[in-house]
Structure formats: C-alpha cells, structure tokens
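Fold and contact review
Now for the letters of each chain:
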Amino acid sequence: MDTIVSSDKKEVIISIDRPTVIIGERINPTGRKKLTEALKAGDLDIVRKEAIDQVAAGADIIDCNVNAPGVNDVELLPKAVKIVQEAVDAPMCLDSPNTAAIEAALKVYKGKPLINSVSGEEHSLKRVLPIVKEYGCAVIGLVQDDEGIPKNAERRIAIAHKIVERAEKAGVPRENIVIDVLTFAIGAEAKSGLDVLEAIRRIREELGVNMTMGASNISFGMPDRAIINNAWASAVIAAGATALITDAAKVRPAILATDLVLGRDRFARRFIEDHRKREQALKTQ
Ligand code: THG
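Structural notes, computed from the coordinates. (Residues numbered from 1 in each chain as written. Predicted model: local features only at pLDDT ≥ 70, side-chain atom pairs only at ≥ 80, totals over all residues. Heavy atoms only, no water.)

Bringing the pairing of strand S1 (residues 3–6) into the picture now. Pairing of S1 with strand S2 (residues 11–14), which is carried by four bridges, proceeds in the antiparallel orientation. Each bridged residue has a counterpart across the sheet, and for Thr3 the counterpart in S2 is Ile14. Taking the residues that link successive antiparallel strands as the turn, the S1-S2 hairpin has four residues. (Pairing = 2+ DSSP bridges. Helix = DSSP H or I, 4+ residues; strand = E, 2+ residues; numbered from the N terminus.)

This is how it looks when you write it as structure tokens:
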C-alpha cells in the first residue's frame, strides 16, 4: 500500500517496499524555550533554518507544529507553511491539535500534505475526517480514544480498526491513513515497548496500512536519549513501521542501517552514499 504525500516540487511515497520515510520533528516548541519565545514574537527565522537543516540531514517530510501557549496558530501555522515551502522542496506534515489552524494551513499549502493528526476520539473523528476528505490529504491516525492511550496491544489494534473504518465511511481511502501506535515513555511504562511492537505487527497483517511512530518520545526522562531512540527506531521498523517522526540528524544513520539489514536498500546504495557523505563532512571539518 502506497501513501503519497507531496509538495508542489516533490513527491514522497510511504510503503513497506521502500526505504523508511523520515518525518523531521524539530519544528515543534515542546521543550524548546528559544523556539517558543520566537514563535510568540511571530519570528519564523528558526522555523526556516530548521526546515533547511533537517532536509540537509536527510528528512523526507517536514513536520510543522507552532502550537504553544501564547501563540495564535490559526495565524502562524499558514505563515510557517509558506516559509517552509519557500525554503525546501520536501512535503510537509501539518501538525496541530487545533483543527482551525490545520484548515488555515491547508488553504495555503501547495501539494498533498500529511495531517498530524486524527485520533480514535469521537470529537476528533467527527472534526478532522471531513477536512481530510475535502482536501484529499493524508492523515496520521493516533491510536488513542476517549479513554486515553491504551495500555495493551489488543486495544491499540481495536482503535486502529476503528479509525480505518470511520475514515473509509467518511470517504477517506485507507492508503491516506498512516496509523501511529503511540508509545509511553519507557521510564513510565516498561511494558509499553513490547505492546507497541505486537500492535504494529498485527495492524500490518490485519489492515495493511502504513504506520508511523515518534522515535523520540520513548526516551523522555532518560539519559543518553539518542541511543535509546536509535534502538527503538530499529525495533519499530523491523515490526513494520514505514515512517518515523524523529530528528534526522541523530537517528538517520540507524534507520539506514536498519533498512539495509531488512533488505529495503537495494545494493546498499543509500547506506553507502550516506556513509560517504558523513566521511566527507568529517574531513572538511
Ligand atoms: N506521534 C505523532 N506526532 C508527534 C509525536 C508522535 N509529534 C510530537 C512528538 N511526538 C514528536 N516530536 C518531538 C519533538 C521534540 C522532542 C520529541 C518529540 C524532544 N524535544 C526535546 C525535549 O523536549 O527535551 C528538546 C529538543 C531540543 O532542544 O533540541 O525530545 O509520537 N504523530
């Protein structure tokens, strides 16, 4: 199953038969004071720079979240979209809990974006799916419902089924849904990792949809986060995730190595190319 997202200049295909797609997570004020302050002041210079740096680091799609207390993202998200689309060719993932901001951003976006996100919660299904249908975009389906993030694999799988069914009823084809199985921080919920891997395997078998996963949430509150994020990226890709929301600069080498050992990098072309680039960068330092 192919999930296609695009800008006016570039198309990206998410598929189990292709290399893992990297959704760059860095345009997000969570845990970033400087970015939050800049966004409050309406200053989008960091947003532009992050878009350019992430593409240089190998991000395929740029997630854009400018939602923070004190920021009117109905106004700011469309501005950020324009700036990112001027700066880079990569398609975007429009990210906001505020449906009005998503709609405002869709009005100016050129191409077919990914929306982050709809969930299994009633209010979300009702509000977001009609917009996804109207604009013909793709959407991330968070495996979470009115009772919160499930604490076992079974419930995660059931919510994934519910999201796909409701989307198809609303006229959104299955290939435009990318399920996100969501994980807790490993420090808070030790069994969560295994549940998520089981859910990914079963959802792939039962629904065949593409799946994404934030590869940085699992390590919140732990030291050496990059090591944990890399291990987690390998595990979820091996289980069947096809797109990761992550920091390309820190996690891409591990993703390429995982694609290589899983036979998703023909002739090791991508891995070797990336190795050469890193070697070159070291030499010119
Ligand atoms: N699924 C979906 N969307 C998501 C997530 C997900 N969006 C948000 C998040 N998870 C992915 N994005 C981030 C962004 C930042 C961080 C983690 C995940 C992060 N920030 C550092 C911190 O908070 O300490 C600060 C980074 C810095 O200063 O450079 O870790 O799972 N669909």
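There's plenty left to go through after this.
Next up on the list: the packing of helix H5 (residues 122–135) against helix H6 (residues 153–169). Packed helices, taken two at a time, are described by their axes: the angle between them and the distance between them. In contact at an axis separation of 11 Å, H5 and H6 are set at 35° when each is read in the N-to-C sense. Along this stretch, H5 crosses H6, giving a crossing that reads as right-handed. Every residue of H6 that contacts H5 at Glu122, Leu125, Lys126 and Leu129 is listed here: Lys162, Ile163, Arg166 and Ala167. Counted by class, the contact of H5 with H6 contains four nonpolar, no polar and four charged residues. (Axes fitted to C-alpha atoms, helices over the stretch in contact; angles between N-to-C directions. Left-handed = near helix turned anticlockwise from the far one by under 90°. Contact = heavy atoms within 4.5 Å. Nonpolar A, V, L, I, M, F, W, Y, C, P; charged D, E, K, R; others polar.)

Turning our eyes to something else, we now look at the side chain of Ser192. With respect to the helices, strands and loops of the structure, Ser192 is situated in helix H7 (residues 192–207). Residue classification places Ser192 among the buried positions, given a relative accessible area of 2%. Among residues more than four places away in sequence, those in contact with Ser192 are Arg156, Thr183 and Phe184. (Buried < 20%, exposed > 50% of the residue type's maximum accessible area, 1.4 Å probe, protein only.)

The next thing to look at is the site of the ligand. The environment of the ligand is formed by 17 residues, the closest being Arg26, Asn116, Asp180, Asn217 and Arg225. Here Asn217 contributes a side-chain N or O atom positioned 2.9 Å from an oxygen atom of the ligand. With respect to the ligand, the side chain of Arg225 contributes an N or O atom lying 2.9 Å from an oxygen atom. If the ligand stood free it would expose 670 Å²; the protein chains cover 75% of that surface. Elements that contribute at least two residues to the shell around the ligand include exactly strand S3 (21–27) and strand S7 (138–142). Tallied by class, the residues present in the shell around the ligand amount to four nonpolar, seven polar and six charged. (Near = heavy atom within 4 Å. Polar contact = N/O pair within 3.5 Å; in protein donor to acceptor, adjacent residues only side chain to side chain. Areas by Shrake-Rupley, 256 points an atom, 1.4 Å probe, with all protein chains shown as cover.)

This model, assessed by the stated rule, comprises 22 salt bridges. Ionic pairing is found between Arg26 and Glu50, a salt bridge with its closest N-O pair at 3.0 Å. Taken together, the positions of Arg26 in strand S3 and Glu50 in helix H2 (residues 45–56) put the pair 24 residues apart, joining distant regions of the chain. Glu50 sits in the buried class, given a relative accessible area of 9%. (Salt bridge = Lys/Arg side-chain N within 4 Å of Asp/Glu carboxyl O.)

So, about the environment of Thr30. In this fold, Thr30 is placed in the loop between S3 and helix H1 (33–40). Residue classification places Thr30 among the exposed positions, given a relative accessible area of 57%.

The subject of this paragraph is unusual backbone geometry. Ser117 follows Asn116 through a cis peptide bond whose omega is 20°. You can see Ser117 is positioned in strand S6 (residues 114–119). Phi is positive for Leu182, close to 55°, though the residue is something other than glycine. Take Leu182: it is sitting in the loop between strand S8 (177–180) and H7.

As for its position among the elements, Met211 is in strand S9 (residues 210–214). Separated by 30 residues in the primary sequence, Met211 and Ala241 place their C-alpha atoms 4.7 Å from one another. Apart from the residues within four sequence positions on either side, Met211 is in contact with Val178, Ile179, Val181, Ile200, Ile203, Arg204, Gly240, Ala241, Thr242 and Ala243.

Turning our attention to the nonpolar core. Residues Leu94, Ile179, Val181, Ile203 and Leu244 are the most contacted members of the largest nonpolar core, which totals 70 residues. Per-element tally for this core: the top contributor is H6, with seven residues. In contact with Ile203, not counting residues within four places along its chain, are Arg156, Ile157, Ala160, Ile179, Val181, Gly208, Val209 and Met211. Judged by nonpolar contacts, the second largest core, of 15 residues, contains Val12, Val178, Leu182 and Ile245. (Core = buried A, V, L, I, M, F, W, Y, C linked by side-chain atoms within 4.5 Å.)

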